[in-house]
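What follows is the residue order along each chain.
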Amino acid sequence: MKKTRKCAFCGKEFTYNSGSQKYCSEHCAEAAKAKRKKKQQDFIKAVEPVIDLASQEYLTFSKTAILMGCTRQYVYKLVNEGKLPASRISSRMAFIRKADIEQMLAGNPYHRVLPTSMQKNPSPSSKKGQTSIPETNTQPTKPLDYISGEDAMAIYKVKKSWIYASAKNYQIPICKIAGKNYYSRKHMDDLFGVTAEIGALTEWLTTEEAETLYSTTKESVRTQAYRRHIPTKREYGKTYYSKIHLDEIYHPDLKESDAYYTTAEAAEKYGMTKSNICVIIKKENITKVKVGVQNLIAKKEIDRIMEERLAQFGSYKFQ
């Protein structure tokens with residue numbers, strides 16, 4: 001009876017002649033040998049950089065990522081945040097000292113935010129060299145700097161799921177007491193932009209309301225809020241801007257005043273184009289005020305210039 005077994009490389013059944021025969025043919029034996037050799041070479045290629053790093057004091061960003069077991073982008077992030085010092089040699093080359101990596105890791109040990117703390121009050125009768133037994137009736141104290149999820153929903157006007165997701169994404173300290181999550185008040189204020197100044201403000205406008213009130217665009221409102229640091233807040237997915245701060249930029253009182261023309265109003269009154277009016281304003285140094293996306297022109301000055309043109313040229317036509 002012929003004895004058969006499966007080839008260790010291709011898996012086909014073959015009749016073997018000796019107990020040590022693993023492959024059905026010389027081709028499979030050579031292919032298996034080449035595969036083992038390639039596996040060895042791949043292992044050496046993977047380990048060699050790590051072994052080489054042990055003898056180097058100054059590392060590139062790529063080698064730092066290999067040593068720390070993270071991505072190169074994360075190394076750039078650590079350097080950008082000032083957590084890991086780096087020295088730039090040229091515009092395309094920078095190095096990191098291995099000692100600085102060890103110092104960074106030693107200075108940032110892993111720690112957990114503990115929701116409770118047990119107070120151990122030493123007995124007044126305890127003497128030097130004796131250990132005092134803590135009181136058995138000590139109660140866990142609730143952190144004063146933490147607020148519950150319900151309080152966070154009421155303060156920041158956001159959904160409960162959004163609070164948990166934001167706390168997880170931005171690494172806000174969380175503690176759990178009796179099955180309820182409590183969030184760091186300071187970190188939540190920083191995240192959602194709640195300050196004492198915002199708490200004192202009473203009038204707020206949405207982007208659409210500001211666009212209508214100031215005759216501007218949504219992009220202009222967002223840009224001004226970013227550049228001028230206008231207080232903003234978000235409630236249930238909507239952004240609100242401080243009305244008093246927007247009034248200081250867009251000057252709605254000037255638009256309602258009879259002392260100013262818009263460029264379009266001046267052009268219509270004197271039968272000219274807006275471009276003609278702009279040239280006259282620049283040439284005659286007429287006072288103008290930028291309000292949102294519009295230019296307001298002083299009425300007295302433009303009327304006086306136009307009367308002089310009428311007397312000199314006999315018409316308002318652009319000369």
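This structure is a prediction, so every number in the text was calculated from the model and none was measured.

Colleague: Can you break down the overall build of the chain residue by residue, with the values?
Modeller: Along the backbone of the chain there are 15 helices and 14 strands. When burial is assessed residue by residue, the chain has 28% of its 319 residues classed as buried. Pairs at least 24 apart in sequence give 49% of the contacts found in the chain among residues at least 6 apart. Summed over all atoms, the accessible surface of the chain reaches about 23,300 Å², with 52% contributed by carbon and sulfur.

Colleague: Would you mind going over the sheet that holds strand 8 (residues 180-184) in detail, with residue names and values included?
Modeller: Judged by pairing direction, the sheet is antiparallel, and its three strands sit side by side in the order 6-8-7 without closing on themselves. If you trace the sheet from one side to the other, it starts and ends with strand 6 (146-148) and strand 7 (174-177), each paired once. Each neighbouring strand pair of the sheet contributes to a mean axis angle of 35 degrees, computed without reference to strand direction. Bridge count for strand 7 against strand 8 is four bridges, and the pairing is antiparallel. Bridged to Ile177 within strand 8 is Lys180.

Colleague: Can you tell me about helix 10 (residues 218-227), naming the residues and giving the values?
Modeller: Three or more residues of helix 10 are buried, namely Ser220, Val221, Gln224 and Ala225. Taken down its axis, helix 10 places every buried residue within 130 degrees of arc, on the same side. Exposed residues on helix 10 whose side chains face more than 90 degrees from its buried face are Glu219, Tyr226 and Arg227. Buried residues along helix 10 sit in contact with helix 9 (207-213), strand 10 (232-235), strand 11 (238-242) and helix 11 (243-250). Just downstream of helix 10 lies His229, where phi reads positive at about 55 degrees.

Colleague: I'd love a proper account of the sheet that holds strand 4 (residues 87-90), names of residues and values included.
Modeller: The three strands are arranged 3-5-4 in an open sheet whose pairing can be described as antiparallel. Each edge of the open sheet is held by one strand with a lone partner, namely strand 3 (58-59) and strand 4. This element, helix 4 (residues 98-107), spans strand 3 and strand 5 (93-97) of the sheet and lies at about 55 degrees to strand 5.

Colleague: For the nonpolar core, give the residues involved together with the corresponding values.
Modeller: Ile277, Ile280, Ile286, Ile297, Ile302 and Met306 are the most contacted members of the largest nonpolar core, which has 13 residues in total. Filtering out sequence-adjacent residues up to four positions away, Ile302 remains in contact with Tyr261, Tyr270, Ile280, Ile286 and Ile297. Among the nonpolar cores identified, the runner-up in size contains 11 residues, and Ala65, Val75, Leu84 and Ala94 belong to it.

Colleague: Talk me through the pairing of strand 5; I want residue IDs and the actual numbers.
Modeller: Judged by which residues are buried, strand 5 turns out to be one-sided: Ala94 and Ile96 face inward and are buried, whereas Met93, Phe95 and Arg97, on the alternate face, are not. Pairing between strand 3 and strand 5: two bridges, direction antiparallel. Bridging across to strand 5, Leu59 finds its partner in Ile96. With three bridges connecting them, strand 4 and strand 5 associate as antiparallel partners. For Ser90, the partnering residue across the bridge sits in strand 5 and is Met93. Joining the antiparallel neighbours strand 4 and strand 5 is a turn of two residues.

Colleague: Residue-level account of the environment of Asn108, with values.
Modeller: With respect to the helices and strands, Asn108 occurs in the loop between helix 4 and strand 6. Expressed as a C-alpha distance, the spacing of Asn108 and Lys83, which sit 25 residues apart in the sequence, is 9.7 Å.

Colleague: Which residues make up the pattern of salt bridges, and what values do they have?
Modeller: Under the criterion given, the structure shown has eight salt bridges. Notably, a salt bridge pairs Asp100 with Arg97, separated by 3.0 Å at the nearest N-O pair. A residue is classified by how much of its surface remains accessible, and Arg97, at 37% relative accessible area, is partly exposed. A salt bridge links Glu208 to Lys218, with the shortest nitrogen-to-oxygen separation between them at 4.0 Å. Within this pair, whereas Glu208 is found in helix 9, its partner Lys218 is found in helix 10, the two being separated by 10 residues in sequence.

Each value, and the rule that gives it
- Residues numbered from 1 in each chain as written.
- Predicted model: local features only at pLDDT ≥ 70, side-chain atom pairs only at ≥ 80, totals over all residues.
- Heavy atoms only, no water.
- Helix = DSSP H or I, 4+ residues; strand = E, 2+ residues; numbered from the N terminus.
- Buried < 20%, exposed > 50% of the residue type's maximum accessible area, 1.4 Å probe, protein only.
- Contact = heavy atoms within 4.5 Å.
- Areas by Shrake-Rupley, 256 points an atom, 1.4 Å probe, with all protein chains shown as cover.
- Pairing = 2+ DSSP bridges.
- Axes fitted to C-alpha atoms, helices over the stretch in contact; angles between N-to-C directions.
- Arc of directions from axis to C-beta.
- Core = buried A, V, L, I, M, F, W, Y, C linked by side-chain atoms within 4.5 Å.
- Salt bridge = Lys/Arg side-chain N within 4 Å of Asp/Glu carboxyl O.

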